[in-house]
Amino acid sequence: MPSIRENCRTLANSSSAPLLLLWDIDGTILASGGAGMKALKTALNTHFGIDGSLDDIDFGGRTDQWIMRQIFDKFGLPAEESAFTRYFDGYIAALPGELARSAAHVLPGVRTLLDQATARTHVSQGLLTGNRRRGAEVKLTFHGLWDYFPFGAFADDHEIRNELGPHAVRRAMEHCGYAFSPARTWIIGDTPHDIACGRAIGARTLAVATGHATETALRTHQPDAFLPDLSDHAAFWRIIES
């Protein structure tokens, strides 16, 4: 299998127009069995002595920073950078154990697609996720997937999801030495926020119903394409390479 760096070196010489795939993580690549929420609750208890429910906070498609801000607001904690840092450090410390105890797994078809993308010399892939980089690395490393993604955009870049796309595109260009056109850039995600994030940079969007959003909810936001999940590899490539 060619390496990711070899793919980037051959993009300009490929017989097919280069493609950029930008992947969401939670609900698209992975189902973590609630490990993230459990780690947030553990850190809240450990560092602030609070044992409260987070069930009323909308996690789907949000950034870690946005989520932490909602938690701090709910429990009246000071929205100070030092407190956010302490909380996030506690979350990162708790996350591996929660992943091990939860039914965390790679979603159907994803691992094969990542391999297939790496083997295509005209395809480059990175992340476009609401996770902070350290959280993304912990989750993906747990499943042996981190090395598929040499670049990406994360919640460290901006609290608002729609502001992340330009960072991902810039890093793709820096890493691969190629300016990907919006028409050949795909955002792959499971929430309406992923669709909006792709639209904000003029990219194409593939929505998958492997998270909490239903097919009806996703189609309401008019993605360029929809799949119930990523187990049909031929259907995925027909869409992406069209």
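Scroll up for the structure.
Enquirer: Summarise the environment of Ala 183; cite the residues concerned and give the values.
Expert: Note on placement: Ala 183 falls in the loop between α7 (165-176) and β6 (185-189). Taking C-alpha positions, Ala 183 is 6.4 Å from Arg 204, a pair spaced 21 residues apart along the chain.

Enquirer: Mind laying out helix α6 (residues 133-142), listing which residues take part and the relevant values?
Expert: Because each turn of an α-helix spans 3.6 residues, side chains separated by three or four positions end up pointing in the same direction. Inspection of α6 places Gly 135, Ala 136, Val 138, Lys 139 and Leu 140 among the buried residues, and these make up the whole buried set. Against the buried residues of α6 lie β2 (30-31), α4 (81-101) and β4 (123-128). Residue Gly 144 follows α6 closely and has a positive phi angle near 70 degrees.

Enquirer: Describe helix α8 (residues 192-200), naming the residues involved and giving the relevant values.
Expert: Regarding α8, the residues found buried are Asp 194, Ile 195, Cys 197 and Gly 198. Along α8, the residues classed as buried sweep out an arc of 160 degrees about the axis, all on the same side. Residues of α8 that are buried in the fold lie against β4, α7, β6, β7 (204-208) and α9 (215-220). Gly 202 occupies a position one or two residues after α8 and carries a positive phi of about 75 degrees.

Enquirer: Which residues make up the pairing of β7, and what are the values?
Expert: Burial analysis of β7 places four of its five residues in the buried class, which makes it a mostly covered element. Alignment of β6 against β7, held across four bridges, turns out to be parallel. Looking across to β7, one finds that Trp 186 is bridged to Arg 204. The handedness of the β6 to β7 crossover, carried by α8, is right-handed.

Enquirer: Quick rundown of the sheet that holds strand β5 (residues 152-153)? Include the residues and the values.
Expert: On the basis of which strands lie adjacent, the open sheet formed by six strands has the order β5-β4-β1-β6-β7-β8 and parallel pairing. Edge positions in the sheet fall to β5 and β8 (225-227), since each of these pairs with one other strand and no more. One ladder, built from two bridges, connects β4 with β5; its direction is parallel. Note that in β5 the partner of Leu 127 across the bridge is Gly 152. Across the sheet, helix α5 (residues 110-119) lies against β1 (19-23) and β4, angled at about 135 degrees from β4, the strand it touches most.

Enquirer: Tell me what's going on with the packing of aromatic side chains, and back it up with residues and numbers.
Expert: Counted according to the given criterion, the structure contains nine aromatic pairs. Measuring from centroid to centroid gives 5.2 Å for Tyr 178 and Phe 180, while their planes differ by 70 degrees, and the two rings are edge-to-face. Of the residues examined, Tyr 178 reaches a relative accessible area of 27% and is grouped as partly exposed. By the ring-pair criterion, three or more aromatic residues cluster together here, those being Phe 48, Phe 72, Phe 84 and Tyr 87.

Enquirer: Explain the side chain of Arg 132 to me, and be specific about the residues and the numbers.
Expert: Position of Arg 132 relative to the elements: it lies in the loop between β4 and α6. Despite its burial, Arg 132 remains without a salt bridge, the nearest opposite charge being carried by Glu 81 at 4.1 Å. For Arg 132, the side chain forms a polar contact with the side chain of Gln 65, separated by 2.5 Å. Not counting chain neighbours up to four residues away, the residues in contact with Arg 132 comprise Asp 64, Gln 65, Met 68, Glu 81, Phe 88, Phe 154, Ala 155 and Asp 156.

Enquirer: Describe the nonpolar core, and please don't skip the residues or the numbers.
Expert: Counting residues in each nonpolar core, the largest one holds 34 residues, and the members touching the most others are Leu 21, Trp 23, Leu 206 and Phe 236. The biggest single contributor to this core is helix α10 (residues 233-240), with five residues. With residues near it in sequence (within four places) discarded, Leu 206 still touches Trp 186, Ile 187, Ile 188, Gly 189, Ala 225, Phe 226, Leu 227, Leu 230, Phe 236, Ile 239 and Ile 240. Leu 54, Ile 57, Ile 92 and Leu 95 belong to the second largest nonpolar core, which has 26 residues in total.

Conventions and cut-offs
Residues numbered from 1 in each chain as written. Predicted model: local features only at pLDDT ≥ 70, side-chain atom pairs only at ≥ 80, totals over all residues. Heavy atoms only, no water. Helix = DSSP H or I, 4+ residues; strand = E, 2+ residues; numbered from the N terminus. Buried < 20%, exposed > 50% of the residue type's maximum accessible area, 1.4 Å probe, protein only. Contact = heavy atoms within 4.5 Å. Arc of directions from axis to C-beta. Pairing = 2+ DSSP bridges. Right-handed = clockwise from strand over helix to strand, strands pointing away. Axes fitted to C-alpha atoms, helices over the stretch in contact; angles between N-to-C directions. Phe/Tyr/Trp six-rings, centres within 6.5 Å; stacked < 30°, edge-to-face > 60°. Lys, Arg positive; Asp, Glu negative; His and termini not counted. Salt bridge = Lys/Arg side-chain N within 4 Å of Asp/Glu carboxyl O. Polar contact = N/O pair within 3.5 Å; in protein donor to acceptor, adjacent residues only side chain to side chain. Core = buried A, V, L, I, M, F, W, Y, C linked by side-chain atoms within 4.5 Å.

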